[in-house]
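# Structural characterization, general
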Amino acid sequence: MRRNGNAGDGATAFLNARIIDPASGRDQPGGLLVKHGVIADVGDHLRRNAPENTKVIDCKGHVLCPGLVDMQVFTGEPGLEHRETLKTASHAAAAGGVTTIVVMPDTEPVIDQVALVDFIQRRARDNAIVNVHVMAAMTRGLKGQEMTEIGLLQRAGAVAFTNGKSSIANTRVMRNVLLYAKDFGALIVHHTEDPYLTEGAVMNAGEVATRLGLPGVNKAAETIVLERDVRLVEMTGGRYHAAQLSCADSLAVIRSARARKLPVTCGVSINHLTLNENDIGPYRTFFRLKPPLRSEEDRVAMVRGLAGGEIDVVVSSHDPQDADTKRHPFAEAADGAIGLETLLAAALRLYHNGEIGLMPLLRAMTSNPAQLLGLSSGRIAKGAPADLILVDLGQPWVVDKAEIRARSKNSPFDESKMQGRVLLTMVAGKAVYQYAGAERG
Amino acid sequence: MTGSLAHATFARRHLLTCDELTAQEINALLDLADKAAENNRQINKKRDVLRGRTLINLFFEASTRTQSSFELAGKRLGADVMNMNVSGSSMQKGETLIDTAMTLNAMRPDILVVRHHAAGAVELLAQKVDCSVINAGDGAHQHPTQALLDALTIRRAKGRVAGLTVCVCGDIMHSRVARSNINVLNTLGARVRVIAPSTLLPTSIDRMGVEVFTDMTAGLEGADIIMMLRLQRERMQGSYVPSTREYFHFFGLDYEKLARAKPDALIMHPGPMNRGVEIASTIADHSRSVIREQVEMGVAVRMAVLEALARQLPNH
């Protein structure tokens, strides 16, 4: 859904920028001109001089790149607005440099009907300050039994289909969904965790879980479902995206599927790239995630997979939970962590640590997800939407719960030191976030 | 004075887990418990170490022996003891554990003894209150006073713990008793073995410093101590083991398996026992069984812990 912000009609020129476009691999000094909400011109000739009658922004050599596209965001709208609304999520996104969010259907009610897709789009149009797209349920009520109206939902605007936080246990249902979705070219996004093996488990199986006395699940629970799904893709030809993988063994499955030219892609959450099971420490529930945080070896493997292009997409997996669901003993708390505001900064940790280059990192949060979902954003090119962010890669800051815009504060990065932050976020030519300390710097 | 020794070496505010206790701390508590055990055999058992103090037993999970043991320990030291069984009340009204903790904290207890069905729950609660907290069992995590009373029972019977081969047998996966004992026994220098079918062994248990056996006959070879664990009824019928009969055949302590251990091996069980499931009924009553001593030492160890913690309380 495109926003038609009136303020976007005036022209804005970004001068003296380091322009990074992951779609084309461009990383050059230059300038960029925004008109009528789209990128009108870009190049070295705009580096120092702006056309007349334009608002000029001096980028001071900082990075100007496409706004991030986050294809896994949970909100509480409809049904659990006390945790997060589309509005609060969009403000959190803007502050984090995310210009497009794809909201998950795990709401009350579940987004499994055309009218509900329409509802989200209307609410987003009226209240959200970033682009909001809907990922609809692929089975009714996310129960994994009956297929939803994939064709009509797609026509209504759903950009992909998912079973939310749960895996479809019934292999026949999964096959039929893939087969049917193929006729519409629809993307099936699947959470891969065997529901029987994960039953009762609250973290990764291993020494840490054993010492803490918590029931753990072996990472094979993920790989087992992924392997089955890849076979089904081979059988049906449906487009398949593993929503968030967490272990090295799963990447081996992806490699083998790619070698066979299957339409299989995969994502990883920022949490699984930057945290591991040891972070749970003394039962910290903000680190209780689904899939669970794994070992350090698996984390390193995920970063390597991202650098090597095996992993296509990084998501925040923003999942707001409040005291009602998190202030409990670990085994009784809910899964999930918020992440929209820290997605980019946490990702930049990997860059600053020398674990991955800037280009593959940004690609997985911009052009790759945009391309998968068929969006025109996520790139810097003439005619593309002016969804842009200006980023100071070096700026140090500390995550402070009091400044978090998301309605729920369950951030695993609370009080963490970060390096690199968004100075300006623009959606369709309109500035939707400006860092208060930007002028001082 | 034994008390001042404990004061010097056990200076914690809470007793939540065994995995950070030093040998010095454990021995200080056991020394104190030895004195308490002696005291408990006198006609006049009452002391005034905890006079004026309030002890609340907060049990989110039903318990007979641990709760009564703490109650008796508190009363013998002169504390006012209140028992709260929360399993059915405020929890069902939707109150979170933390809210319950805050409510109790406002009543100004000096020591809270807490049992909860979730691992880590007692630690979470301890972060929210001003008093001392004793973990009386949290999920499959820890049960420190049980491990201390087991160590005391062993030390009194064998004169030492270091160098002994201790076999912990049964449902290791779901057992806080096993985890606490592994910590304490390892710290005191014992050699610890765990014996169970693979379905009842948690992942990477060997990383806790134990030898792992899935064959009980082999595992009991040369054992000084045989510590049996209770197998919960709901785990007997096909989910973790096929049947009670098969479990007893391979993992129940009978005379044939007992013969593999040293002739003077002690038989222990934290209770309550399932006679004929994990232990043959006559073995439970065997002359080498110290199961009743364990109960007696339970009161003594809890008195020692209460006394040591009371010395850390303000205004003492």
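Scroll up a little and you will see the structure.
Below: a short report on this structure. (Residues numbered from 1 in each chain as written. Chains lettered and ligands numbered in written order. Predicted model: local features only at pLDDT ≥ 70, side-chain atom pairs only at ≥ 80, totals over all residues. Heavy atoms only, no water.)

Here Ser377(A) lies in the loop between helix H14 (367-373) and strand S16 (388-398). Assessed through its relative accessible area of 7%, Ser377(A) is described here as buried. (Helix = DSSP H or I, 4+ residues; strand = E, 2+ residues; numbered from the N terminus. Buried < 20%, exposed > 50% of the residue type's maximum accessible area, 1.4 Å probe, protein only.)

Residues and elements named next belong to chain A. Following the criterion strictly, the structure yields 2 aromatic pairs over all chains and no others. Consider the rings of Tyr180 and Phe184, whose centres lie 5.3 Å apart with planes at 45 degrees: the pair is tilted. Its end group placed over the ring of Phe74, Lys165 keeps NZ or CZ at 4.7 Å from the ring centre. (Phe/Tyr/Trp six-rings, centres within 6.5 Å; stacked < 30°, edge-to-face > 60°. Lys NZ or Arg CZ within 6 Å of the ring centre and 35° of its normal.)

Moving on, we get to the packing of helix H2 (residues 23-40) of chain B against helix H6 (residues 144-158) of chain B. Residues and elements named next belong to chain B. At a minimum axis separation of 10 Å, H2 and H6 run at an interaxial angle of 70 degrees. Classed by the angle they form, the pair H2 and H6 counts as roughly perpendicular. Seen from H2, the contacting residues are Ile26, Asn27, Leu29, Leu30, Asp31, Ala33, Asp34 and Ala37; seen from H6, they are Leu148, Ala151, Leu152, Arg155 and Arg156. Looking at side-chain class alone, the contact of H2 with H6 contains 8 nonpolar, 1 polar and 4 charged residues. (Axes fitted to C-alpha atoms, helices over the stretch in contact; angles between N-to-C directions. Parallel < 35°, antiparallel > 145°, perpendicular 65-115°, else oblique. Contact = heavy atoms within 4.5 Å. Nonpolar A, V, L, I, M, F, W, Y, C, P; charged D, E, K, R; others polar.)

Further remarks concern helix H4 (residues 171-182) of chain A. Residues and elements named next belong to chain A. Across its 12 residues, H4 extends 17 Å between first and last C-alpha, which sits within 8% of the 16 Å expected from 1.5 Å per residue. Among all positions in H4, only Val173, Met174, Val177, Leu178 and Ala181 are buried. Within H4, the buried residues cover an arc of 130 degrees as seen down the axis, which keeps them to one side. Looking at the buried side of H4, the elements it contacts are helix H3 (150-156), strand S10 (187-190), helix H7 (220-236) and strand S13 (239-242). In this structure Asn170 caps H4, since a side-chain oxygen of it lies 2.9 Å from the backbone nitrogen of Arg172. (Expected span 1.5 Å × (residues − 1). Arc of directions from axis to C-beta. Polar contact = N/O pair within 3.5 Å; in protein donor to acceptor, adjacent residues only side chain to side chain.)

Quick look at unusual backbone geometry now. Of note, the bond from Lys290(A) into Pro291(A) is cis; its omega dihedral lies within 30 degrees of zero at -5 degrees. Along the chain, the position of Pro291(A) falls in the loop between helix H9 (270-274) and helix H10 (296-307). In this model, Gly271(B) is joined to Pro272(B) through a cis peptide bond whose omega is -10 degrees. The residue Ser204(B) is not glycine, and still its phi comes out positive at about 60 degrees. Within the element layout of this structure, Ser204(B) appears in the loop between strand S6 (191-195) and strand S7 (211-213). A relative accessible area of 25% means that Ser204(B) is categorised as partly exposed.

Turning our eyes to something else, we now look at the environment of Ala106(B). Of note, Ala106(B) is situated in the loop between helix H4 (97-105) and strand S3 (111-116). Put simply, Ala106(B) and Arg160(B) are 54 residues apart on the chain and 43 Å apart in space, counted from C-alpha to C-alpha.

Below, the discussion takes up the interface of chain A and chain B. Facing the 15 residues of chain A at the interface are 22 residues of chain B. Between chain A and chain B the total buried area reaches about 1600 Å² when both faces are included, carbon and sulfur atoms providing 57% of it. Sorting the residues of chain A by area buried against chain B places Thr210(A), Arg211(A) and Arg327(A) first, and these three jointly supply 37% of that buried surface. Across the chain A-chain B interface, the total number found is 2 salt bridges. The tally of links between chain A and chain B comes to 6 residue pairs in polar contact (both at pLDDT 80 or more). For the side of chain A that touches chain B, a count of residues per class yields 7 nonpolar, 4 polar and 4 charged. (Buried area = accessible area lost by both parts, 1.4 Å probe. Salt bridge = Lys/Arg side-chain N within 4 Å of Asp/Glu carboxyl O.)

With that settled, consider the side chain of Ser167(A). Looking at the secondary structure, you find Ser167(A) in the loop between strand S9 (160-162) and H4. The contacts of Ser167(A), once residues within four sequence positions are left out, are His190(A), His191(A), Thr192(A), Glu193(A), Pro195(A) and Val225(A).

In this section: the sheet that holds S7(B). Either a parallel or an antiparallel arrangement is found when strands of a sheet pair, and the pairing is made through backbone hydrogen bonds. Residues and elements named next belong to chain B. Reading across from one edge, S7-S6-S5-S8-S9 is the order of the 5 strands in this open sheet, with parallel pairing throughout. Where the open sheet ends on each side, the last strands, each with one partner, are S7 and strand S9 (266-268). Strand after strand, the sheet turns through a mean of 20 degrees between neighbouring axes, direction not considered. The pairing of S6 with S7 spans 3 bridges and is parallel. Its bridge partner being in S7, Val194 is matched across the sheet by Val212. (Pairing = 2+ DSSP bridges.)

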